[in-house]
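# Breakdown of the fold
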Amino acid sequence: RESIKEVLLCISEMVCELPWIQELDLNPLIVDENGAIAADARIVIDHATSSNGDRYAHMSIYPYPVHLIQEWQMNDGQVVTIRPIRPEDADMEQAFVKSMSDESRYYRFMDTLRELTQTMLVRFTQIDYDREMALVATVAVEVEDNVDGIEPQEKQIGVARYVVNPDGESVEFALAVGDDWQKCGVGRKLIEAVNQMARAKNCFRVYWQTHESNLQAQELYNKVADKSGFMVYRQPLG
């Protein structure tokens, strides 16, 4: 069963990454206690098939965009992983929001909430990678008193997200960075990554909301926007 599962996963990956595959026939597929072997295979391809710059345009449902995972090293040597959010990140996302100061939570959500509701968790972690994106920044944290050799745990330290507007030419943007990780370059790195993805979708206008008193965020957004060539439209609140 595990061998068959692995074969199906590999076929799924091929279908995701190779849009020019039109037909695939494995016959026979021999499976025994030693694994699986495709004794014969036939693949029909069409070189004319193109995704027109959209990596997964040939698919009805976008797969998890593994190619967007990247690592970045801060000045102190700490390695930060930036990757698309996953549904199983719900608990990590909740812990991140709870760890934020009241001020940081208010600047992000324009609300005095202390934790995310179940509906918000689903909305933030189960996304359509085609029309929206959420990138989380994480670090590896060693487990205290780790006598059992448990692998380091992933801790979220920031998140940036965008949603493509109905005009298909602009995006709504939001950013949150943990209080202990602000002014370390995490926010700038997340904004740059999101801008790059928005540009790939031919979106060059970014709309974001901020409180008038959040001068640090305003300065950060403007600097990155000037460098990237984006037009940023600030919608002041408060």
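A short tour of the structure in this document, coming up. (Residues numbered from 1 in each chain as written. Predicted model: local features only at pLDDT ≥ 70, side-chain atom pairs only at ≥ 80, totals over all residues. Heavy atoms only, no water.)

At a minimum axis distance of 10 Å, the contact between helix H2 (residues 90-99) and helix H4 (residues 118-125) shows a crossing angle of 115°. Regarding the angle of H2 to H4, the classification is roughly perpendicular. Judged by the sense of rotation from one axis to the other, the crossing of H2 with H4 is right-handed. Facing Ala90, Glu93 and Gln94 of H2, the residues of H4 in contact are Leu121, Phe124 and Thr125. Looking at side-chain class alone, the contact of H2 with H4 contains 3 nonpolar, 2 polar and 1 charged residues. (Axes fitted to C-alpha atoms, helices over the stretch in contact; angles between N-to-C directions. Helix = DSSP H or I, 4+ residues; strand = E, 2+ residues; numbered from the N terminus. Parallel < 35°, antiparallel > 145°, perpendicular 65-115°, else oblique. Left-handed = near helix turned anticlockwise from the far one by under 90°. Contact = heavy atoms within 4.5 Å. Nonpolar A, V, L, I, M, F, W, Y, C, P; charged D, E, K, R; others polar.)

For the rest of this paragraph, the subject is the nonpolar core. One finds Val80, Leu135, Phe173, Leu175, Val186 and Leu190 to be the most contacted residues of the largest nonpolar core, which totals 48 residues. The element contributing the most residues to this core is helix H5 (residues 186-200), with 7 residues. Sequence-distant contacts of valine 80, that is, excluding residues within four places in its chain, are made with Gln70, Glu71, Trp72, Met74, Ala137, Thr138, Val139 and Ile157. (Core = buried A, V, L, I, M, F, W, Y, C linked by side-chain atoms within 4.5 Å. Buried < 20%, exposed > 50% of the residue type's maximum accessible area, 1.4 Å probe, protein only.)

Its volume calculated, the largest pocket comes out at about 950 Å³. Around the largest pocket, the lining is made up of 43 residues, and of these Leu175, Ala176, Asn214, Ala217 and Tyr221 lie nearest the centre. Where the lining of the largest pocket is concerned, the elements lending two or more residues are helix H3 (102-109), H4, strand S8 (153-164), strand S9 (170-177), H5, strand S10 (205-211) and helix H6 (215-228). A total of 9 residues in the lining of the largest pocket trace back to one element, the largest contributor, which is H6. If you trace the second largest pocket, you find 21 residues lining it, with His67, Leu68, Met197, Ala200 and Lys201 closest to the centre. When contributions to the lining of the second largest pocket are tallied by element, the ones reaching two or more residues are strand S7 (132-141) and H5. Top contributing element to the lining of the second largest pocket by residue count: H5, with 4 residues. Its residues assigned to classes, the lining of the second largest pocket comprises 12 nonpolar, 6 polar and 3 charged. (1 Å grid on protein atoms, 1.4 Å probe; cavity = no way out; pocket = protein on both sides within 12 Å on 5 of 7 lines; lining within 4 Å. Points joined across faces, edges and corners; volume = space filled by probe spheres on them.)

What the rule picks out here adds up to 13 salt bridges. A salt bridge links aspartate 130 to lysine 201; the nearest nitrogen and oxygen atoms lie 3.5 Å apart. Here lysine 201 lies in the loop between H5 and S10 and aspartate 130 lies in the loop between H4 and S7, a separation of 71 residues in the sequence. Relative accessible area serves as the criterion here: at 25%, lysine 201 is assigned to the partly exposed category. (Salt bridge = Lys/Arg side-chain N within 4 Å of Asp/Glu carboxyl O.)

Glancing now at the environment of leucine 18. With respect to the helices and strands, leucine 18 occurs in the loop between helix H1 (2-17) and strand S1 (21-26). Taking the C-alpha atoms as reference points, leucine 18 and histidine 58, separated by 40 residues in sequence, lie 9.4 Å from one another.

Just distances and angles here, no functional claims.
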